[in-house]
Amino acid sequence: MWAFVVRRLLTSIPVFVAIVTIAFAATLAVPADPVAMLVGEDATSAQYERIRRELGLDRPAWQQWLGYVWGTAHGNFGYSLRTRQPVNVDVWRFFRGTLELGLFAFVIAVTAGVPAGIWSAVRQNGLTDHVLRILTLGGVAAPVFWTALMAQWILYGKLGWLPGIGQFSDFIQFTSPPPAITGMATIDSLLAGNWVALRDALAHLVLPASVLAYRVVAVIARMTRSAMLDVLHEDYIRTARSLGIGERSVVLRHALKNAGPLILTVLGIAFGQLLQGSILVETVFSWPGLGLYIVKGIVTLDYPVVIGVAVVISAFYVIVNLFVDLLYPVFDPRIRYA
Amino acid sequence: MMTRSTLGLLTACLLAVLVSALPVVNAQSPQQVWQETLTIGAVDEPQTFDPHVNVTQIGGQRLYPNLYEGLVRYGPDGKIEPMLATEWTVSRDGLTYTFTLRPGVRFSDGTPFNAQAVKFAFDRLRAIGRGPVNVFAEVKAIEPVEPNAARITLSEPFSPFLSALASWQGALFLSPKVVQDNAGTDNAQRYMTNHTAGTGPYVLQSWEPEKQIVLVRNPYYWGRFPRNGVSRVVYRTVREPATGAQLILRGDLDILEQLVPEFVDILGRTTGVNVQTRVSLGGSYGVHMHFNSKKAPFTDVRVRQALSYAVDYKRIVTQVFGRLGQQARGPLPEEFKPWFNDKAIQYSQDLNRVRALLREAGLDGRTFRMTLGWQAGNRVQLDVGQILKENLAPFGFDLQLQEMTLPVWREAIWKNTFDVIFVQFSLAYADPDARMWRAYHSSEFRNLGFNPGWLNKQYDELLEQARRESRLEARKRLYDEAQALLTREAPTIFLATVLYSYAVRDAVSGLAWIPSYGPFFAAAPVQKDPAGFPRR
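Residues numbered from 1 in each chain as written. Chains lettered and ligands numbered in written order. Predicted model: local features only at pLDDT ≥ 70, side-chain atom pairs only at ≥ 80, totals over all residues. Heavy atoms only, no water.

A short note on the packing of helix H16 (residues 457-468) of chain B against helix H17 (residues 472-489) of chain B
All names here are of chain B.
Here is step 1 of the chain: Direction vectors running N to C along H16 and H17 enclose 155 degrees, while the axes themselves pass 9 Å from each other. Considering the angle they form, H16 stands roughly antiparallel to H17. Read as a crossing pair, H16 and H17 show a hand that is left-handed. The residues of H17 that touch H16, namely those facing Gln458, Tyr459, Leu462, Leu463, Gln465 and Ala466, are Arg475, Leu478, Tyr479, Glu481, Ala482, Leu485 and Leu486.
Here is step 2 of the chain: Residue classes in the contact of H16 with H17 are distributed as nine nonpolar, two polar and two charged. (Axes fitted to C-alpha atoms, helices over the stretch in contact; angles between N-to-C directions. Helix = DSSP H or I, 4+ residues; strand = E, 2+ residues; numbered from the N terminus. Parallel < 35°, antiparallel > 145°, perpendicular 65-115°, else oblique. Left-handed = near helix turned anticlockwise from the far one by under 90°. Contact = heavy atoms within 4.5 Å. Nonpolar A, V, L, I, M, F, W, Y, C, P; charged D, E, K, R; others polar.)

Examining the interface of chain A and chain B
Here is step 1 of the chain: Listed per partner, the contact involves 54 residues of chain A and 60 residues of chain B.
Here is step 2 of the chain: Both faces combined, the contact of chain A with chain B buries some 5,100 Å², and carbon together with sulfur accounts for 54% of it.
Here is step 3 of the chain: Here chain A and chain B share two salt bridges between them.
Here is step 4 of the chain: A salt bridge links glutamate 210 of chain B to lysine 296 of chain A, with the shortest nitrogen-to-oxygen separation between them at 3.7 Å.
Here is step 5 of the chain: Run the count over chain A and chain B and you get twelve residue pairs in polar contact (both at pLDDT 80 or more).
Here is step 6 of the chain: By residue number, the principal contributor to the side of chain A that touches chain B is helix H7 (residues 144-158) of chain A, which donates seven residues.
Here is step 7 of the chain: Broken down by class, the residue content of the side of chain A that touches chain B amounts to 27 nonpolar, 16 polar and eleven charged. (Buried area = accessible area lost by both parts, 1.4 Å probe. Salt bridge = Lys/Arg side-chain N within 4 Å of Asp/Glu carboxyl O. Polar contact = N/O pair within 3.5 Å; in protein donor to acceptor, adjacent residues only side chain to side chain.)

Some words on helix H12 (residues 351-360) of chain B
Residues and elements named next belong to chain B.
Here is step 1 of the chain: Residues Val354, Leu357 and Leu358 constitute the buried set of H12. The arc that holds every buried residue of H12, seen down its axis, measures 100 degrees, which confines them to one face. Among the exposed residues of H12, those pointing more than 90 degrees away from its buried face are Asn352, Arg359 and Glu360.
Here is step 2 of the chain: Considering only its buried residues, H12 is in contact with helix H10 (301-310) and strand E16 (397-404).
Here is step 3 of the chain: Two residues or fewer after H12 comes glycine 362, characterised by a positive phi angle close to 80 degrees. (Buried < 20%, exposed > 50% of the residue type's maximum accessible area, 1.4 Å probe, protein only. Arc of directions from axis to C-beta.)

Things to note about the pairing of strand E5 (residues 96-101) of chain B
Residue and element names in this part refer to chain B.
Here is step 1 of the chain: As defined by bridge partners, strand E4 (residues 85-90) adjoins E5 across five bridges and the pair is classed as antiparallel. Across the sheet, alanine 85 pairs through a bridge with leucine 101, a residue of E5.
Here is step 2 of the chain: Connecting E4 to the antiparallel partner E5 that follows it, the hairpin turn spans five residues, and glycine 94 within it adopts a positive phi of roughly 75 degrees.
Here is step 3 of the chain: Bridge count for E5 against strand E7 (residues 149-154) is five bridges, and the pairing is antiparallel. Note on E7: the bridge partner recorded for phenylalanine 99 is alanine 150. (Pairing = 2+ DSSP bridges.)

Thoughts on the sheet that holds strand E12 (residues 273-278) of chain B
All names here are of chain B.
Here is step 1 of the chain: Spatially, E8-E9-E10-E1-E11-E19-E12 is the arrangement adopted by the seven strands of the open sheet, whose pairing is mixed. The two strands at the open ends of the sheet, each matched to only one other strand, are strand E8 (202-208) and E12.
Here is step 2 of the chain: Across the sheet, helix H9 (residues 261-268) is in contact with strand E11 (255-256), E12 and strand E19 (500-505); its angle to E12 comes to roughly 135 degrees.

A short note on a nonpolar patch on the surface
Here is step 1 of the chain: Together, Val6, Leu10, Ile13 and Val17 of chain A make up a nonpolar patch on the protein surface, roughly 330 Å² of accessible area in all.
Here is step 2 of the chain: Relative to the assigned elements, valine 17 of chain A resides in helix H1 (residues 2-29). (Patch = residues over 30% accessible without salt bridge, like charges linked within 9 Å, V, L, I, M, F, W, Y side chains within 5 Å. Areas by Shrake-Rupley, 256 points an atom, 1.4 Å probe, with all protein chains shown as cover.)

Observations concerning the nonpolar core
Here is step 1 of the chain: With 113 residues, the main nonpolar core has Leu71, Phe99, Phe113, Phe122 and Phe136 of chain B as its most contacted residues.
Here is step 2 of the chain: For this core, the leading source of residues is helix H4 (residues 115-128) of chain B, giving seven residues.
Here is step 3 of the chain: Among residues more than four places away in sequence, those in contact with leucine 71 of chain B are Pro82, Met83, Leu84, Ala85, Phe99, Leu101, Phe113, Val118, Ile152, Leu165 and Phe173 of chain B.
Here is step 4 of the chain: Judged by nonpolar contacts, the second largest core, of 97 residues, contains Ile118, Ala255, Ala270 and Ile307 of chain A. (Core = buried A, V, L, I, M, F, W, Y, C linked by side-chain atoms within 4.5 Å.)

Section: the confidence of the model for chain B
Residues and elements named next belong to chain B.
Here is step 1 of the chain: For chain B, the mean per-residue pLDDT works out to 91, and 96% of the residues sit at or above 70.
Here is step 2 of the chain: Mean pLDDT across the elements of chain B bottoms out in helix H1 (residues 4-21) (67) and peaks in E5 (97).
Here is step 3 of the chain: Reported confidences for the modelled complex are a pTM of 0.87 and an ipTM of 0.85. (pLDDT = per-residue confidence, 0-100.)

See below:
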């Protein structure tokens, strides 16, 4: 199995080089100049040239490209042209926001989507099936921006049941904030045993995580449904029933286990999607994550940021996919890695 | 059936939730935290907190006056008042300014503010070569004068100097010790991006990008706080206007900056919220459209005048700006007294004149296809652009609206590649020189400049003379003539000047508005009424 892992990681290397190249080429292709934004309106040509040299932007393109590839290989994405802070630090900070939001959204999406899919499959073409399909379809059809604003308006603006933005209320933030161990509000509160802060953090998470989850619930539910339907029509299911095994056991133990690999693949893709961050959800709930960070980097032509985030997101896709592949044998002993 | 471990886990969670619902024994109550914190909703963030590097208006609004201060400041009527300097004299030839410095002032790290610190600030500004360095390009030398004064010598007379010093660009003074202790390899630029060391009433405690900026009281501040003043200022980044509106409605924000026209009425009708619509010279007050005067057919002044007559100004003002705008007359806002020239030409829609002028220019019947660049995300410009498109189409001018991100927009101007393009005017300092020089002096037609391709010797001479001239009446005459010339030559369609709208909760008092600055919410004098604590 380890050979499999190593082989997979080695074949990812050309993928990363390609990512860096594409991201770099894309930012180069935009017909504008990041330095002009940084030097201000009154700068003279001499000042402009100086800043350009300081930022290393006067080197030929291939040299800059090589610098980025080399840096990426060492996990060093350089310094943001705009903020002068190391990109690694910034990426990690924004990624924590995306990770926390993504994790909770994933939990919500799986908790809602998988049972919905199973139920739909078991009650195929019944009323439950249709209702669930329409509901989950809303997540894919409705623009996430609209869903976010609606959820915020109804549950915060009108009813005041949940907080509007941010991770903590002012009161918790300024009187008893949990120590910044992981940088994720809920985890830090949990680790510090600060239950009040934990409740506050969870309350702040509910809206943005649910909105984010709504997008992928449909996909998870539908794939679960179709995977379950495939399996439920197999002969061995008929055998199990005829042996007198209870329906619940048939569905949850026998059918689900066999549908496992397919569902797992979808979950992996969904998780990867959630980890990309969503600039629209982040904007509405003021929850800074990779979405906001990379869009800001793109608009201001901050090459190190764009490349850094592109690589980090790709890395997560690779890792998640690898993880999913490694989990297959748990569900299907027929799959083995030599 | 649930396994025992699952049951155990659920019980643990339930207990945790119950425990957290118990009242907390805490040093402060939510009401106390609310009362000592001023929360401001912002639509954008600064690039840096280093006053020698920052070039953005939004950065200036954060730096001044809560964090950094200048030698002088503007009063509510626009007159120059003391701040870090208590009095000053100007030599007859306009080259030497002597400032008596305020005694007992310290930076937030305890270092005393004195003439050496003044010199240090200007030296660092020049060494780094960024930020407002070119505004103070004429500063030649700074020397300390006993007992506690600084003498600044200019290389050339520059009448707007005091005004520049009073603006946010003059809030340059930081602790030499902090800079030297954290110099690193770039003269402390990296450190000062997210740390402050000024004389202002507050200090930057933390900046979480795209989330919030937290300021706390400067322990060495030379001024006074009211008894129940705010000891903490939080700028919350709220980019979505609908979210901002809800936050201030529910009391989670005390101030909401830069209201979009749609929300002005809605918030104005709400109890507990006060909407203010004010003249702001320091904020962005003008929306205009530049012609590229170097590109045919706009090289001909008659064509520019013709199109200036084609625009339905009334419709633009009422439809897009509502109560917030009025038609512009030249580059300066009407409220900018005494400099505004109310005799300058103000165009109005006159379709016959359009045709006559186009015929004169020999363009009758020709069609032109051109791009109108508008700044990305600026809905106002998009709306105005669509009206302009309709206005100009009947005369053969087909405008294609093109959205441009800021770097692209910027480059289109200084590379002079645009056809027509939107601009927003603001005053970096409250002197007509600030806008009229930057936008139209021929030296600004260059790499990184803002001149849209209109070069006029007569205009240049007027502005250069006005910079050297120190008497008010003489300067006024020169700028009047310059405005008249500008509106006659029409290198720009001057569309509208707009007021700045913001919302404040009723519980907030002590917030002053200085038109020369605009939305610079000085928090030091602010108090919050405990009765205004939002009940859930």
